[in-house]
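Close look at the chain arrangement
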Amino acid sequence: MKIVVASDHGGFELKEFIKGYLEKKGHFISDVGTFDECTSVDYPDYASLAANKVLSKEVDFGIIFCGTGIGISIAANKVKGIRAALCHDIFTAKMAKMHNNANILALGGRLLGKGIAIEIVEAFINTEFEGGRHQSRLDK
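The following refers to the structure shown. (Residues numbered from 1 in each chain as written. Predicted model: local features only at pLDDT ≥ 70, side-chain atom pairs only at ≥ 80, totals over all residues. Heavy atoms only, no water.)

1. A few points about the pairing of strand 2 (residues 28-31)
The pairing of strand 1 (residues 2-7) with strand 2 spans four bridges and is parallel. Bridge pairing in strand 2 places Val4 opposite Ser30. In this region the chain leaves strand 1, passes through helix 1 (residues 12-24) and returns to the parallel neighbour strand 2; the handedness of that crossover is right-handed. (Pairing = 2+ DSSP bridges. Helix = DSSP H or I, 4+ residues; strand = E, 2+ residues; numbered from the N terminus. Right-handed = clockwise from strand over helix to strand, strands pointing away.)

And the structure:
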(Lines give C-alpha, C1' and ligand atoms only; values in the text may rest on other atoms or scores of the structure.)
Protein backbone atom coordinates (compact mmCIF):
# COMPACT_ATOMS: atom_id res chain seq x y z
CA MET A 1 0.00 0.00 0.00
CA LYS A 2 0.96 3.63 -0.49
CA ILE A 3 0.55 5.65 2.69
CA VAL A 4 1.25 9.29 3.45
CA VAL A 5 2.38 10.18 6.97
CA ALA A 6 2.51 13.64 8.49
CA SER A 7 2.96 15.16 11.92
CA ASP A 8 3.73 18.26 13.87
CA HIS A 9 6.52 18.23 16.47
CA GLY A 10 4.22 16.63 19.09
CA GLY A 11 3.51 13.62 16.90
CA PHE A 12 6.96 13.30 15.36
CA GLU A 13 8.31 10.45 17.50
CA LEU A 14 5.27 8.21 16.97
CA LYS A 15 5.18 9.09 13.25
CA GLU A 16 8.78 7.97 12.85
CA PHE A 17 8.11 4.73 14.72
CA ILE A 18 4.99 3.89 12.69
CA LYS A 19 6.72 4.87 9.45
CA GLY A 20 9.58 2.46 10.18
CA TYR A 21 7.15 -0.30 11.11
CA LEU A 22 5.16 0.12 7.90
CA GLU A 23 8.26 0.29 5.72
CA LYS A 24 9.49 -2.99 7.22
CA LYS A 25 6.13 -4.51 6.29
CA GLY A 26 6.72 -3.48 2.65
CA HIS A 27 4.46 -0.45 2.40
CA PHE A 28 5.53 2.62 0.41
CA ILE A 29 5.59 5.62 2.74
CA SER A 30 5.45 9.23 1.60
CA ASP A 31 6.56 11.39 4.53
CA VAL A 32 5.51 15.03 4.15
CA GLY A 33 6.99 16.13 7.48
CA THR A 34 7.74 17.45 9.92
CA PHE A 35 11.26 16.13 10.07
CA ASP A 36 12.31 16.84 13.66
CA GLU A 37 10.69 17.26 17.05
CA CYS A 38 12.76 20.24 18.15
CA THR A 39 11.23 22.85 15.88
CA SER A 40 7.70 23.96 16.76
CA VAL A 41 5.49 23.78 13.66
CA ASP A 42 1.79 24.22 12.92
CA TYR A 43 -0.22 21.02 12.47
CA PRO A 44 -2.64 22.48 9.86
CA ASP A 45 0.24 22.80 7.39
CA TYR A 46 1.04 19.09 7.63
CA ALA A 47 -2.61 18.01 7.70
CA SER A 48 -3.11 19.86 4.42
CA LEU A 49 -0.07 18.24 2.78
CA ALA A 50 -1.28 14.76 3.74
CA ALA A 51 -4.89 15.47 2.76
CA ASN A 52 -3.88 16.66 -0.69
CA LYS A 53 -1.86 13.50 -1.34
CA VAL A 54 -4.90 11.41 -0.38
CA LEU A 55 -7.25 13.45 -2.57
CA SER A 56 -4.92 13.27 -5.57
CA LYS A 57 -4.83 9.48 -5.14
CA GLU A 58 -1.03 9.52 -4.96
CA VAL A 59 -1.53 7.32 -1.89
CA ASP A 60 -4.18 4.91 -0.68
CA PHE A 61 -4.70 6.71 2.64
CA GLY A 62 -2.95 8.77 5.29
CA ILE A 63 -1.85 8.55 8.89
CA ILE A 64 -1.40 11.87 10.68
CA PHE A 65 -0.06 12.67 14.14
CA CYS A 66 0.04 15.53 16.59
CA GLY A 67 0.31 15.56 20.38
CA THR A 68 -3.30 14.51 20.94
CA GLY A 69 -4.41 13.84 17.37
CA ILE A 70 -7.25 16.32 17.86
CA GLY A 71 -5.86 19.40 16.14
CA ILE A 72 -4.43 17.63 13.12
CA SER A 73 -7.65 15.64 12.60
CA ILE A 74 -9.76 18.82 12.76
CA ALA A 75 -7.45 20.50 10.25
CA ALA A 76 -7.52 17.53 7.86
CA ASN A 77 -11.31 17.37 7.99
CA LYS A 78 -11.53 20.94 6.72
CA VAL A 79 -10.34 19.63 3.34
CA LYS A 80 -13.34 18.63 1.21
CA GLY A 81 -13.30 14.90 0.56
CA ILE A 82 -11.25 13.98 3.61
CA ARG A 83 -12.67 11.79 6.34
CA ALA A 84 -10.04 11.81 9.07
CA ALA A 85 -10.78 9.71 12.13
CA LEU A 86 -9.05 10.19 15.46
CA CYS A 87 -8.76 6.72 16.97
CA HIS A 88 -7.57 5.65 20.40
CA ASP A 89 -8.32 1.94 20.20
CA ILE A 90 -8.79 -0.97 17.81
CA PHE A 91 -12.60 -0.79 17.82
CA THR A 92 -12.74 2.86 16.72
CA ALA A 93 -10.13 2.21 14.02
CA LYS A 94 -12.20 -0.64 12.59
CA MET A 95 -15.43 1.34 12.76
CA ALA A 96 -13.80 4.37 11.14
CA LYS A 97 -13.16 2.23 8.06
CA MET A 98 -16.24 -0.06 8.16
CA HIS A 99 -18.88 2.60 8.65
CA ASN A 100 -17.23 5.91 7.74
CA ASN A 101 -14.78 4.89 5.02
CA ALA A 102 -12.15 7.06 6.69
CA ASN A 103 -9.28 7.89 4.38
CA ILE A 104 -6.99 9.30 7.06
CA LEU A 105 -6.20 7.89 10.50
CA ALA A 106 -5.21 10.41 13.17
CA LEU A 107 -3.21 9.40 16.24
CA GLY A 108 -2.04 11.22 19.35
CA GLY A 109 1.71 10.96 19.73
CA ARG A 110 1.64 11.98 23.38
CA LEU A 111 -1.25 9.67 24.28
CA LEU A 112 -0.55 6.29 22.71
CA GLY A 113 2.08 3.71 23.41
CA LYS A 114 3.85 2.18 20.43
CA GLY A 115 2.25 -1.23 20.86
CA ILE A 116 -1.34 0.00 20.81
CA ALA A 117 -0.51 2.42 17.99
CA ILE A 118 0.62 -0.52 15.83
CA GLU A 119 -2.56 -2.43 16.66
CA ILE A 120 -4.70 0.59 15.73
CA VAL A 121 -2.82 1.06 12.44
CA GLU A 122 -3.17 -2.64 11.58
CA ALA A 123 -6.90 -2.57 12.36
CA PHE A 124 -7.34 0.49 10.14
CA ILE A 125 -5.31 -0.96 7.26
CA ASN A 126 -6.96 -4.38 7.35
CA THR A 127 -10.59 -3.30 7.65
CA GLU A 128 -12.78 -2.78 4.59
CA PHE A 129 -15.61 -0.31 4.10
CA GLU A 130 -18.99 -2.07 4.30
CA GLY A 131 -20.78 0.29 1.90
CA GLY A 132 -24.55 -0.20 1.72
CA ARG A 133 -26.43 1.95 4.20
CA HIS A 134 -23.16 3.56 5.22
CA GLN A 135 -22.51 4.85 1.69
CA SER A 136 -25.83 6.67 1.58
CA ARG A 137 -24.89 8.40 4.83
CA LEU A 138 -21.52 9.44 3.44
CA ASP A 139 -23.21 10.79 0.32
CA LYS A 140 -25.23 13.18 2.50
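2. Here's the deal with the layout of surface pockets
Roughly 200 Å³ of volume is contained in the largest pocket. Of the residues in the lining of the largest pocket, the class split is five nonpolar, three polar and four charged. (1 Å grid on protein atoms, 1.4 Å probe; cavity = no way out; pocket = protein on both sides within 12 Å on 5 of 7 lines; lining within 4 Å. Points joined across faces, edges and corners; volume = space filled by probe spheres on them. Nonpolar A, V, L, I, M, F, W, Y, C, P; charged D, E, K, R; others polar.)

3. Some thoughts on the pattern of salt bridges
Taken as a whole and judged by the stated rule, the model has seven salt bridges. The shortest N-O distance in the salt bridge between Lys114 and Glu13 comes to 3.9 Å. In this pair, Lys114 is assigned in helix 5 (residues 114-125) and Glu13 in helix 1, connecting sequence segments 101 residues apart. On the basis of relative accessible area, Lys114 is assigned to the partly exposed category, the value being 39%. Taking the relative accessible area as the measure of exposure, Glu13 reaches 48% and is therefore partly exposed. Through salt bridges that share partners, Lys15, Glu16, Lys19 and Asp31 make up one connected network. (Salt bridge = Lys/Arg side-chain N within 4 Å of Asp/Glu carboxyl O. Buried < 20%, exposed > 50% of the residue type's maximum accessible area, 1.4 Å probe, protein only.)

4. What about the environment of Tyr21?
Among the secondary structure elements, Tyr21 is positioned in helix 1. The spacing of Tyr21 and Ile118 is 97 residues in sequence and 8.1 Å in space, taken between C-alpha atoms. Excluding its chain neighbours within four sequence positions, the residues that come into contact with Tyr21 are Ile118 and Glu122. (Contact = heavy atoms within 4.5 Å.)

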